[in-house]
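Overview (structure and organization)
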Amino acid sequence: MTRLSHFLAFAALAASAPAQAAELPAEIKQAGTLRLTVNSTYAPMEYRDPATNELVGLDIDLANELAKRLGGLKIVWSETPFAELIPSLQTKRADLIISGISDRASRRETADFVDYLTTGPQFFVMAESEAKAATDLCGKKVGTIRSTSFPVEIEKWSKQNCEAAGKPAIQYVPGENSIDVRNQLKQGRIDAAVQGSETLPYAQQQEAGKYRVVGEPFAKGYQGIMFRKDDAALREVVTEKLTAMIADGSYKAILDKWGLGANAVAEPLMNAAPQ
Amino acid sequence: MRAAQTLAESFPDLSGIPVAREPHWFRWFSAALIVLALAAIARAFAGGQIEWSYVSRFLTAKVILEGIVNTMVMAVLAMALGIVLGIVVAIMRLSPNPVLKSVAAGYTWLFRGTPLILQLLLWFNLALVFPTIGIPGLWTARAVDVMTPFLAALLGLGINQGAYTSEVMRAGMLSVDIGQYEAAQAIGMGRLRALRRIILPQAMRVVIPPLGNEFIGMVKATSLASVIQYPEVLHNAENIYYANSRVIELLIVAGLWYLLVVSILTPLQMLLERRFARGTMQFAR
């Protein structure tokens, strides 16, 4: 399916929604709680505030607002490594996943995504690096988090922009999480690093003047809220609330709070990421 | 004598009667329960959210095989480093020299006192403290070029193991009778030669079972090196499920390999034990 047809299907769904307002699944309604699992190593999307040890972040704020609008559900948070997010959803440890996870075709085998934020992998280097354009990184060591989709995207970008132009390919170096990758960059283990564009303003603010982005995000994608395939009811009711939040500006206010107003979407999209 | 005869005659001859076997009802019952429980677990695994085709496909995948080879290479090298350090430190610990004694105690204190994963992360990030290393004027290199994931894992695992092994070695040396030390001294052997010729060979017999135990622990401890990107089997299995989301399938693949390796190591340890127990075979059964 093309993106347009995805969008049309979604628009049709959204248009029919007011006629029969989506209902919260009885199980959740009865419990009065929403069980959410996050990987809290991805500031500013979700992380533990070093001062208070509270879970904070853009996703946390969005989830709290959604829960409020879903009839004042109480959120029960749990944490897990990034790679365990999908299993958490499958095993019903979590009702839905909102944890800085990119909508990817390969992940849609097991889940549906309601996309709520634009994102894209972004190269960055130490401020004093000689690299000016992204193609200066051809043949260099580039690190990223190995549990994400970024390694595959780097390889693809390198094929199209380095190897196709007769330059040596980027050498991918695995890292454990975004902090580990930045540590490898500081030590000179790698020449450049990649993380989601939505997390870079925060990292740059934490260590002012240390890093510099190179080029634009090199693949356009979306962060999505992840639902089980057979859980259309929850997906619909959350989409409805999210649409309302976009309409009344509360969505924009949360994005602005985290400095990511530029990453807003005009409306929630279903399974819309191009790859 | 006569009384004894009478006594024997007063008993009936039972020698021809077959001995009934005890029925052992409880053994049968508990064994049946265990078999039932195992069958139920097997059934759950067969019917759970597991695609068994992925397990069989990845069990012999190249990247998994490379992973298990890397696991074994690291386990053997780190254990070798640990044993060498362990022997040296144990000898230092038992030496009359107070400097050697306290250095050995300090080493054991430091490396037993902090978690292994913390030590691995420190070795891996050492370049944040020492950007370059080398001998001034002769040779220098960027720390990150030297401290590869392989070396960081080897030093982290081996030095940590040395702290534990030194205690095993010390126990072995203390188990050798004091008379052996005295006899070696009496015939004019130096301290080190006595250790090498008399004490350590006898200590080996005692230390092999705990060392085998430690080695099996080491095989699995290498999985911690996955966080510093050493491509051992768990690291490689994770990389596969990061891409295809088949978490439980790949964990089963890695688990089967660990079990296989440990199953091979156990009889090897017994062979080794038998060899070092040649002089005292009757106690080693």
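Small disclaimer: the values here were computed from a predicted structure and weren't measured. (Residues numbered from 1 in each chain as written. Chains lettered and ligands numbered in written order. Predicted model: local features only at pLDDT ≥ 70, side-chain atom pairs only at ≥ 80, totals over all residues.)

With that out of the way, let us pick up the overall build of chain A. Counting secondary structure elements, chain A contains nine helices and 13 strands. Its C-alpha atoms give chain A principal-axis dimensions of about 55 × 45 × 35 Å. Out of the 275 residues in chain A, the part that is buried amounts to 43%. Long-range contacts, defined here as pairs at least 24 residues apart, represent 77% of the contacts in chain A between residues at least 6 apart. (Helix = DSSP H or I, 4+ residues; strand = E, 2+ residues; numbered from the N terminus. Buried ≥ 20, exposed ≤ 12 C-beta atoms within 10 Å, placed from the backbone. Contact = placed C-beta atoms within 7 Å.)

A count of helical and extended segments in chain B gives 12 helices and two strands. Overall, chain B shows an N-to-C arrangement of helices and strands of α-α-α-α-α-α-β-β-α-α-α-α-α-α. Compactness check: chain B gives a C-alpha radius of gyration of 28 Å against a globular reference of 19 Å for 285 residues, more than 25% above the reference. Considering only C-alpha atoms, chain B reaches an extent of 105 × 70 × 30 Å along its principal axes. Buried residues in chain B amount to 30% of all 285 residues. Put simply, of all contacts in chain B between residues at least 6 apart along the chain, 74% involve residues at least 24 apart. (Rg over C-alpha atoms; globule rule 2.2 N^0.38 Å.)

Turning our eyes to something else, we now look at the interface of chain B and chain A. Every contact between the two is made by 14 residues of chain B and, on the other side, 16 residues of chain A. Here the side of chain B that touches chain A takes four residues from helix H11 (residues 233-244) of chain B, the largest share from any one element. Of the residues contributing to the side of chain B that touches chain A, the split by class is seven nonpolar, five polar and two charged. (Nonpolar A, V, L, I, M, F, W, Y, C, P; charged D, E, K, R; others polar.)

On to the environment of Pro168(A), then. Relative to the helices and strands, Pro168(A) is located in the loop between helix H5 (150-161) and strand E9 (171-175). Taking the C-alpha atoms as reference points, Pro168(A) and Leu137(A), separated by 31 residues in sequence, lie 9.4 Å from one another.

It is worth spelling out the domain arrangement of chain A at this point. All names here are of chain A. On domain assignment, one finds that chain A holds domain 1 (3-119 + 221-270) and domain 2 (121-214). For domain 1 versus domain 2, the separation of C-alpha centres amounts to 28 Å. Taken together, the contact between domain 1 and domain 2 spans 16 residues of the former and 12 residues of the latter. Secondary-structure elements contributing two or more residues to the side of domain 1 that touches domain 2 are strand E2 (41-42) and strand E6 (111-119). (Domains from an automatic or database assignment.)

Hydrogen bonds between backbone groups are what pair the strands of a sheet, and the pairing can be parallel or antiparallel. Residues and elements named next belong to chain A. The antiparallel open sheet is built from three strands, whose spatial order is E2-E3-E4. Two strands close off the open sheet at either side, each with one partner strand: E2 and strand E4 (55-56). Sheet topology note: the strand E3 (residues 46-48)/E4 ladder contains two bridges and is antiparallel. Residue pairing in the sheet places arginine 48 in a bridge with leucine 55 of E4. (Pairing = 2+ DSSP bridges.)

Moving on: the nonpolar core. Counting 45 residues, the largest nonpolar core has Leu96(A), Ile97(A), Ile225(A), Met226(A) and Val238(A) as the members making the most contacts within it. Counting only elements with at least two residues in this core, the list comes to strand E1 (33-38), helix H3 (58-69), helix H4 (85-90), E6, strand E12 (221-228), helix H8 (232-247), helix H9 (250-257) and strand E13 (269-270) of chain A. Ignoring sequence-local partners within four residues, the contact set of Val238(A) consists of Leu66(A), Leu96(A), Val114(A) and Ile225(A). With 39 residues, the next largest nonpolar core counts Ala75(B), Ala143(B), Ala152(B) and Leu154(B) among its residues. (Core = buried A, V, L, I, M, F, W, Y, C linked by C-beta atoms within 7 Å.)

Residues and elements named next belong to chain A. The strand order across the open sheet built from three strands is E12-E6-E13, with neighbouring strands paired in antiparallel fashion. Taken across any chain shown, the strands that pair with only one partner, and hence form the sheet edges, are E12 and E13. Across two bridges, E6 lies against E13 in antiparallel orientation. Its bridge partner lying in E13, valine 114 is registered against methionine 270. Each of E6 and E12 touches H8; the most contacted strand, E6, lies at about 20 degrees to it. (Axes fitted to C-alpha atoms, helices over the stretch in contact; angles between N-to-C directions.)

Turning our eyes to something else, we now look at helix H6 (residues 116-124) of chain B. Residue and element names in this part refer to chain B. Buried residues of H6: Leu120, Trp123 and Phe124, and no others. For H6, the buried positions fall inside an angular range of 100 degrees around the axis, keeping them on one side. Looking at the buried positions of H6, the neighbouring elements they touch are helix H8 (149-175). (Arc of directions from axis to C-beta.)

Before going further, it helps to examine H3(A). Residues and elements named next belong to chain A. The first and last C-alpha atoms of H3 sit 17 Å apart over 12 residues, in line with the 16 Å expected at 1.5 Å per residue. Of all the residues in H3, the buried ones are Leu58, Asp59, Ile60, Leu62, Ala63 and Leu66. Close packing links the buried residues of H3 with E1, E3, E4, strand E5 (74-79), H8 and H9. Immediately downstream of H3, the backbone of glycine 71 shows phi near 85 degrees, a positive value. (Expected span 1.5 Å × (residues − 1).)

Note that the residue after Ala43(A), namely Pro44(A), is joined by a cis bond; omega there is 0 degrees. Positive phi is not limited to glycine here, since Asn271(A) has a value of about 45 degrees. Assignment of secondary structure puts Asn271(A) in the segment after E13. The backbone of His24(B) shows a phi angle near 50 degrees, a positive value even though the residue is not glycine. Relative to the helices and strands, His24(B) resides in the loop between helix H1 (2-9) and helix H2 (25-47).

Take Leu128(B): it is sitting in the loop between H6 and strand E1 (132-135). The class of Leu128(B) is partly exposed, set by 13 C-beta atoms lying within 10 Å. Sequence separation between Leu128(B) and Phe111(B) is 17 residues; the distance between their C-alpha atoms is 20 Å. If we skip the residues at most four places from it in the chain, Leu128(B) touches Lys186(A) and Gln187(A).

Before going further, it helps to examine the environment of Met92(B). Residue and element names in this part refer to chain B. As for its position among the elements, methionine 92 is in helix H4 (residues 62-93). For the pair methionine 92 and alanine 254, spaced 162 residues apart in the sequence, the C-alpha separation amounts to 40 Å. Once residues within four sequence positions are removed from consideration, methionine 92 is found in contact with Leu100, Lys101, Val103 and Ala104.

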